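Per-entry structural report
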Amino acid sequence: MTKELSSDYKNHARKLRDALAADGITVSHTKALELVARQNGARDWNTLAARPVTEGNIVPFAVGEKVSGTFNGSPAQGRVIGLEETIKPDLWRVTVAFNPPVNASTSEHFAAERRRVQMVVGADGRSRRLTGTETGVMALHRA
């Protein structure tokens with residue numbers, strides 16, 4: 001994480017503490033940092049602070065993070081096991097180990113279950129393939 005981004009989160013935590021104090025709720029700065037981290041999809045402050053940044057853009061996931069969402073319109077959950085930057089700005093190649101497996105087939109008559117899938121996603125966690133579906137093949141977010 002860049003120094004500027006970390007400062008933004010810390011400022012947010014200070015403002016949160018002040019707002020809560022105005023309502024008579026006292027929280028430590030550490031607790032405020034933890035709350036800010038959870039508001040930004042991280043499980044704790046250390047996870048948020050360790051989140052990678054590429055040229056000022058926050059990477060959508062980190063290796064080891066749990067994710068959930070949809071794959072071919074069906075619910076999906078798994079863990080990110082690989083992540084690499086592509087040559088296009090704001091696009092990353094993510095490898096997800098799904099548990100339970102996802103159906104990679106769009107046919108009603110055939111099922112092709114996959115435990116591991118690699119796709120290119122944007123910062124929003126949505127795949128960038130032209131599939132004719134509104135959300136693309138995969139739409140994931142931090143679980």
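To start, this report covers the structure provided alongside it. Owing to the predicted nature of the structure, the values given are computational and were not obtained by experimental measurement.

Looking only at helices and strands, the chain features three helices and seven strands. The proportion of buried residues among the 143 residues of the chain is 36%. Here the chain displays about 9000 Å² of accessible surface, and carbon together with sulfur accounts for 48% of that area.

With respect to the helices, strands and loops of the structure, T95 is situated in strand β5 (residues 91-103). The exposure class of T95 is buried, given its relative accessible area of 13%. Side-chain polar atoms of T95 contact the side chain of Q118, separated by 3.1 Å. Other than its neighbours up to four places away in sequence, T95 contacts R79, V80, I81, G82, R116, V117 and Q118.

This part is about the pairing of strand β7 (residues 138-142). Of all the five residues making up β7, four are buried; the element is thus mostly covered by neighbouring parts of the structure. Of the pairings in the sheet, the one linking strand β3 (residues 66-71) to β7 comprises five bridges and is antiparallel in character. Following the sheet pairing, V67 is matched in β7 by R142.

With respect to the helices and strands, the residue A143 is situated in the segment after β7. Distance in space between the C-alpha atoms of A143 and K66 is 5.4 Å, their sequence separation being 77 residues. Not counting chain neighbours up to four residues away, the residues in contact with A143 comprise K66, V67 and S68.

This brings us to the pattern of salt bridges. Should the charged atoms of two oppositely charged side chains come close, the side chains can pair. Using the criterion set out here, one finds two salt bridges in the structure. A salt bridge links R142 to E65; its shortest N-O distance comes to 2.7 Å. Of the two residues, R142 sits in strand β7 while E65 sits in the loop between β2 (57-58) and β3, which places them 77 residues apart along the sequence. Neither R142 nor E65 differs from the other in exposure class; each is buried. With a closest N to O distance of 3.9 Å, E84 and R93 form a salt bridge. Using a relative accessible area of 40% as the deciding quantity, one classes E84 as partly exposed. By relative accessible area, R93 is classed as partly exposed at 28%.

Quick look at the sheet that holds β7 now. With respect to topology, five strands assemble into an open sheet ordered β6-β5-β4-β3-β7, the strand pairing being antiparallel. Strand pairing shows two members of the sheet lacking a second neighbour, β6 (113-122) and β7, which therefore form its edges. Pairs of neighbouring strands in the sheet enclose a mean axial angle of 35 degrees, with direction left out of account. As paired strands, strand β4 (residues 74-85) and β5 are joined by seven bridges and run antiparallel to one another. Residue G78 lies in a different strand from β5, and its bridge partner there is F98.

Quick notes on the rules
- Residues numbered from 1 in each chain as written.
- Predicted model: local features only at pLDDT ≥ 70, side-chain atom pairs only at ≥ 80, totals over all residues.
- Heavy atoms only, no water.
- Helix = DSSP H or I, 4+ residues; strand = E, 2+ residues; numbered from the N terminus.
- Buried < 20%, exposed > 50% of the residue type's maximum accessible area, 1.4 Å probe, protein only.
- Areas by Shrake-Rupley, 256 points an atom, 1.4 Å probe, with all protein chains shown as cover.
- Polar contact = N/O pair within 3.5 Å; in protein donor to acceptor, adjacent residues only side chain to side chain.
- Contact = heavy atoms within 4.5 Å.
- Pairing = 2+ DSSP bridges.
- Salt bridge = Lys/Arg side-chain N within 4 Å of Asp/Glu carboxyl O.
- Axes fitted to C-alpha atoms, helices over the stretch in contact; angles between N-to-C directions.

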